[in-house]
Amino acid sequence: MTRRSWATSAGTRTSMVGNRRADTKPEIALRSALHAAGYRFRKDYRLDLGDVKARPDLVFTRAKVAVFVDGCYWHSCPEHGTQPRSNADYWTPKLARNVERDREHDAALREAGWTVVRIWEHVPVAEAVEFVSRTVTHG
């Protein structure tokens, strides 16, 4: 039995299925730069916070810093995020739920004593490294 796809075309479906949950290009670039600068961290490490299960892109366990590298489209960047033009009835609530989940994770992490860092994918790597470095070093 074939289920009807949410995609408006075969090309759209192929493109969307190719999107990764982890190991995106901006995330890999940040990880590589931080590692080269001498930082050690866990990647894609699940943190159980009661009802909330957060999975930051980078976790500095000793410093209790959780880093998320957010895609402009998927997390509705105020500068670069766009509204879906096709199949908006499906995508608009999905993107809104992503933002809502981000806020829930942020609140749960902060309540558990973590510092949360969110970096947009468009932020230059050097700037992101500097921000994460300051946060890990100085809290």
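Procedures and definitions
Residues numbered from 1 in each chain as written. Predicted model: local features only at pLDDT ≥ 70, side-chain atom pairs only at ≥ 80, totals over all residues. Heavy atoms only, no water. Axes fitted to C-alpha atoms, helices over the stretch in contact; angles between N-to-C directions. Helix = DSSP H or I, 4+ residues; strand = E, 2+ residues; numbered from the N terminus. Parallel < 35°, antiparallel > 145°, perpendicular 65-115°, else oblique. Left-handed = near helix turned anticlockwise from the far one by under 90°. Contact = heavy atoms within 4.5 Å. Nonpolar A, V, L, I, M, F, W, Y, C, P; charged D, E, K, R; others polar. Buried < 20%, exposed > 50% of the residue type's maximum accessible area, 1.4 Å probe, protein only. Pairing = 2+ DSSP bridges. Right-handed = clockwise from strand over helix to strand, strands pointing away.

Engineer: Got a minute to help me understand the packing of helix α2 (residues 25-36) against helix α4 (residues 125-138) in this structure?
Structural biologist: Relative to each other, α2 and α4 sit at 60 degrees, their axes nearing to 10 Å. As the angle between them shows, α2 and α4 are arranged oblique. Between α2 and α4 lies a crossing whose hand is right-handed. On α4, the residues that touch Ala29, Leu30, Ala33 and Leu34 of α2 are Val125, Ala128, Val129 and Val132. In terms of residue class, the contact of α2 with α4 is built from eight nonpolar, no polar and no charged.

Engineer: Can you walk me through the pairing of strand β5 (residues 65-70) in this structure?
Structural biologist: The side chains of a regular strand alternate between both faces of the sheet. Counted residue by residue, β5 has six buried out of six residues, so it is predominantly covered. By the alternation rule, side chains of β5 split into Val65, Val67 and Val69 and Ala66, Phe68 and Asp70, which are all buried. Alignment of strand β4 (residues 58-60) against β5, held across three bridges, turns out to be antiparallel. Looking across to β5, one finds that Leu58 is bridged to Val67. As paired strands, β5 and strand β6 (residues 115-120) are joined by six bridges and run parallel to one another. Paired with Phe68 across the two strands is Arg118, which belongs to β6. Taking the sense of rotation as the criterion, the β-α-β connection linking β5, helix α3 (residues 88-111) and β6 turns out right-handed.

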